[in-house]
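What follows is the residue order along each chain.
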Amino acid sequence: MSAPTTKADAKGFLASGLGIALISSAVFGTSGSFAKSMLETGWSPGAAVAVRLTGAALILAIPAVVVLRGRWHQLKDNWLTILLFGLIGVAGCQLFYFNAVARLSVGVALLLEYLAPVMIVLWLWIASRRRPRALTSVGALLSLGGLVLVLDLTGAVKVDFIGVLWGMAAAVCLVIYFFITAKENETLPPLVLASGGLVVGAIVMWLVGAVGLLPMTFSTANTKLGPWTTPWWVSVAGLVIVATVLAYVSGIMAARSLGSKVASFVSLTEVLFAVIWAWLLLGELPGPIQLMGGVLIVGGVVLVRIDELRGDRRTARRTATEAAAARVLDHANDVEPVSSGPVAKAPQG
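About the cut-offs
- Residues numbered from 1 in each chain as written.
- Predicted model: local features only at pLDDT ≥ 70, side-chain atom pairs only at ≥ 80, totals over all residues.
- Heavy atoms only, no water.
- Helix = DSSP H or I, 4+ residues; strand = E, 2+ residues; numbered from the N terminus.
- Buried < 20%, exposed > 50% of the residue type's maximum accessible area, 1.4 Å probe, protein only.
- Contact = heavy atoms within 4.5 Å.
- Areas by Shrake-Rupley, 256 points an atom, 1.4 Å probe, with all protein chains shown as cover.
- Polar contact = N/O pair within 3.5 Å; in protein donor to acceptor, adjacent residues only side chain to side chain.
- Phe/Tyr/Trp six-rings, centres within 6.5 Å; stacked < 30°, edge-to-face > 60°.
- Core = buried A, V, L, I, M, F, W, Y, C linked by side-chain atoms within 4.5 Å.
- Axes fitted to C-alpha atoms, helices over the stretch in contact; angles between N-to-C directions.
- Parallel < 35°, antiparallel > 145°, perpendicular 65-115°, else oblique.
- Left-handed = near helix turned anticlockwise from the far one by under 90°.
- Nonpolar A, V, L, I, M, F, W, Y, C, P; charged D, E, K, R; others polar.
- pLDDT = per-residue confidence, 0-100.
- Expected span 1.5 Å × (residues − 1).
- Bend = angle between axes of the 7 residues up to and from the residue.

(A) Representation of the overall build of the protein within the structure. Tallying secondary structure elements over the protein gives 15 helices and 2 strands in all. Going through the 349 residues of the protein one by one, you find that 43% of them count as buried. In the protein, the share of contacts with a sequence separation of at least 24, taken over all contacts with a separation of at least 6, comes to 87%. Summing over all exposed atoms, the protein offers an accessible surface of approximately 18800 Å²; the carbon and sulfur share of this is 69%.

(B) Summary view of the side chain of Ser 250. With respect to the secondary-structure elements, Ser 250 resides in helix H12 (residues 232–258). Within the local environment of Ser 250, its side chain forms a polar contact with the backbone oxygen of Ala 247, the two atoms lying 3.1 Å apart. Residues in contact with Ser 250, not counting those within four places in the same chain, are Ile 20, Ser 24 and Val 27.

(C) Region of the structure containing the packing of aromatic side chains. One pass over the full model with this rule turns up 3 aromatic pairs. A centroid spacing of 5.5 Å and a plane angle of 75° characterise the contact between Trp 43 and Phe 218, whose relative ring orientation is edge-to-face. Here Trp 43 is found in the loop between helix H3 (31–39) and helix H4 (45–68), whereas its partner Phe 218 is found in the loop between helix H11 (190–210) and strand S1 (223–225), with 175 residues between them in sequence. For Trp 43, a relative accessible area of 7% translates into the label buried. Residues Phe 96 and Trp 166 carry aromatic rings whose centres are separated by 5.4 Å and whose planes lie at 35° to one another, so their mutual orientation is tilted.

(D) How the structure looks around the nonpolar core. If you look at the biggest cluster of nonpolar residues, it comprises 76 residues, and the most contacted ones within it are Phe 85, Leu 198 and Tyr 248. Looking at this core, the element that brings in the most residues is H12, giving 12 residues.

(E) Up close: the packing of helix H2 (residues 17–28) against helix H14 (residues 269–282). Two numbers describe how H2 lies on H14: the axes approach to 7 Å, and their chain directions differ by 45°. Accordingly, the angle class assigned to the pair H2 and H14 is oblique. In this structure, H2 meets H14 at a crossing whose hand is right-handed. Contacts between H2 and H14 pair Leu 22, Ser 25, Ala 26 and Phe 28 from the former with Thr 269, Glu 270, Phe 273 and Trp 277 from the latter. Across the contact of H2 with H14, the residue classes tally to 5 nonpolar, 2 polar and 1 charged.

(F) Broad picture of the environment of Met 38. With respect to the element layout, Met 38 can be found in helix H3. Using a relative accessible area of 0% as the deciding quantity, one classes Met 38 as buried. Residues Met 38 and Phe 218, spaced 180 residues apart in sequence, show a C-alpha to C-alpha distance of 8.9 Å. Residue contacts for Met 38: discarding those within four places in its chain leaves Trp 43, Ala 48, Thr 223, Ser 235, Val 236 and Leu 239.

(G) Up close: the confidence of the model for the protein. Mean pLDDT over the protein works out to 76, with 74% of the residues at or above the 70 mark. Predicted confidence for residues 335–349 stays below pLDDT 50, and this span has 0 contacts to residues more than four positions away or in other chains.

(H) Up close: H14. Over its 14 residues, H14 extends 19 Å from the first C-alpha to the last, a length consistent with the 20 Å expected when each residue adds 1.5 Å. If you check which residues of H14 are buried, you get Thr 269, Glu 270, Val 271, Leu 272, Val 275, Ala 278 and Leu 281. Just downstream of H14 lies Gly 283, where phi reads positive at about 75°.

(I) Examining H12 more closely. Compared with an ideal rise of 1.5 Å per residue, which puts 27 residues at 39 Å, H12 spans 37 Å between its outermost C-alpha atoms and is within 8% of the ideal. The largest bend in H12 comes to about 35°, at Ala 247. Positive backbone phi, at 95°, marks Gly 259, one or two positions downstream of H12.

Right, dumping it as structure tokens:
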């Protein structure tokens, strides 16, 4: 009996919000390896991102139309959400990140971008005027500490002030991305949001390249992935299908299931997955410090998730208690009034 139960539990976990979020981080983490194999053959970052978004938008266009089933009013009713998601969450985030990389090391730029979870906690603190609970605070510190170890930022690091601003701008875009994708919206399916956002992002990237803000250089030379030498389109297909189509759709589903705060912390595991994929596909073996950082990231995510679940249970209990009290008040006058003294008998005769 234990084997079927274990198998069912595994399927349940994979179908849960946390399981989908980890899958999203895993496929997002392949983007660095696929992109690096292309960049080493002469592709420019801007060209790789533009092709990535364009290919993904084309692939998702047909299923998005099928999901809409002629309900084009959904696009009209949610055009602002789609525009903001594509402009800020897709194109803006990547554009600002590449500008940061141009002035900083990749590790520092990525660390600045992934300050987004801390920004979300601070924003929710300011907006609600309620201090984060202890577990959330500890989880945030553990995750950021683990992120630093995974990036292995050792040695002298040259810090450029303008580059730091670009990195912070990328972090702000990432915050907006999580808030947009976590918003409950029954009239806008995740597939439609992902497809529409990728279309907007692709258009923006091509426009940015056309005006010269990002160089657009392409190559058809063979790429190298692990022990294999593959045609250029293999890396492009991996970047488009795995690291973009699957990643964005699963990421939106996870954010709507978990909420912006938890989803943003789970996304930190993308860095760990990126290190693992780089080891498998590029031969870059992670060191003990990076593995320890991965443990801290996962530990921080678990603490935040536990704190979130505790908060949900407390809210549910409070709501149930308030509902029960309301029902009692609603039926307070349903009983017959009872006299407080003895009932006098009517005189007979």
